[in-house]
Amino acid sequence: MTTGSFVGRFDLDLGLRDASLDPANRPTRRMLAAAAIGTEVNDAYYAAVELREAIEWIHDGHPGGKLKLSMILGNACDDYQRCLYFILAGRGIVQMLEDLDWLESLLEARGRVAGKLFKRRAPVMPQVRPYVAAEPDGPLVTVARDFDQGPSWYLDPQLSA
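Student: Describe the overall build of the protein chain, listing the residues and the values that go with them.
Tutor: Looking only at helices and strands, one finds seven helices and zero strands in the protein chain. When the helices and strands of the protein chain are read in sequence order from the N terminus, they spell out α-α-α-α-α-α-α. Every one of the 161 residues in the protein chain was classed for burial, and the buried ones make up 37%. In the protein chain, of all internal contacts separated by at least 6 residues, the share reaching a separation of at least 24 is 77%. Accessible surface computed for the protein chain: about 9700 Å², of which carbon and sulfur atoms make up 56%.

Student: Run through the packing of helix α1 (residues 14–21) against helix α2 (residues 27–36), naming residues and quoting values.
Tutor: Relative placement of two packed helices is described by the angle separating their axes and the distance separating the axes. At a minimum axis separation of 7 Å, α1 and α2 run at an interaxial angle of 150°. One way to sum up the angle between α1 and α2 is to call them roughly antiparallel. In terms of crossing hand, the pair formed by α1 and α2 is left-handed. Side by side, α1 and α2 meet where Leu16, Ala19, Ser20 and Leu21 of the first sit next to Arg30, Ala33, Ala34 and Ala36 of the second. Residue composition of the contact of α1 with α2, grouped by class: six nonpolar, one polar and one charged.

Student: Summarise the nonpolar core; cite the residues concerned and give the values.
Tutor: Ranked by internal contacts, the top residues of the largest apolar core, which has 31 residues, are Leu51, Ile55, Leu69, Tyr80, Leu84, Leu103 and Leu107. When residues of this core are traced back to their parent elements, those giving at least two are α1, α2, α3 (41–60), α4 (65–74), α5 (79–88) and α6 (93–119). Considering each element in turn, this core owes the most residues, nine residues, to α3. Each residue touching Tyr80, except ones within four places of it in the same chain, is listed here: Ala35, Ala36, Thr39, Ala44, Ala47, Leu103, Leu107 and Tyr131.

Student: Help me get a handle on α4, residues and values and all.
Tutor: Burial within α4 is extensive, with eight of its ten residues counted as buried. If you check which residues of α4 are buried, you get Gly65, Lys66, Leu67, Leu69, Ser70, Ile72, Leu73 and Gly74. At its buried positions, α4 is contacted by α3 and α5.

Student: Before we move on, can you summarise the pattern of salt bridges with the specific residues and values?
Tutor: Considering all chains together, one arrives at eleven salt bridges under this definition. A salt bridge links Asp13 to Arg17, with the nearest nitrogen and oxygen atoms 3.9 Å apart. Given the relative accessible area of 2%, Asp13 is considered buried. Looking at Arg17, the relative accessible area reads 32%, which means it is partly exposed. Shared partners join several salt bridges into a network, and the residues in it are Asp11, Asp13, Arg17 and Arg110.

Each value, and the rule that gives it
- Residues numbered from 1 in each chain as written.
- Predicted model: local features only at pLDDT ≥ 70, side-chain atom pairs only at ≥ 80, totals over all residues.
- Heavy atoms only, no water.
- Helix = DSSP H or I, 4+ residues; strand = E, 2+ residues; numbered from the N terminus.
- Buried < 20%, exposed > 50% of the residue type's maximum accessible area, 1.4 Å probe, protein only.
- Contact = heavy atoms within 4.5 Å.
- Areas by Shrake-Rupley, 256 points an atom, 1.4 Å probe, with all protein chains shown as cover.
- Axes fitted to C-alpha atoms, helices over the stretch in contact; angles between N-to-C directions.
- Parallel < 35°, antiparallel > 145°, perpendicular 65-115°, else oblique.
- Left-handed = near helix turned anticlockwise from the far one by under 90°.
- Nonpolar A, V, L, I, M, F, W, Y, C, P; charged D, E, K, R; others polar.
- Core = buried A, V, L, I, M, F, W, Y, C linked by side-chain atoms within 4.5 Å.
- Salt bridge = Lys/Arg side-chain N within 4 Å of Asp/Glu carboxyl O.

Fair warning: the whole summary comes from geometry, so function is off the table for now.
Here is the structure:
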């Protein structure tokens, strides 16, 4: 494609690009925004929601929370969700939930813009798929109903410093 093919097209990833480069955002938020660049609009949003819900279930003591999270991490079709989780792993449950909620807000706004542009038949820039393989080609997490939770699930690192 030539540069001219992008003129007059809206970049759906513009907000994510800005957030990923904004020094006012903490590093985990910048990483989350960068990880979402190029992902399909609805898939990115619903994957983030599903991951946040699983982590929230564990935090709230919901009996199916651990199984849900391990199913997400052991799923052989979504590297994006694993990427989001491992960006946040060990950062503390409160920060994990805050950062995922922040990402959801960005992705929801992106989806609303995409929907309006679609209704108007406005041209958008083609998204470059961020993953080179259609399925994971590395090790997956074992699916389990229960797993040991370390201190990051219970302590707020900002309070323990």
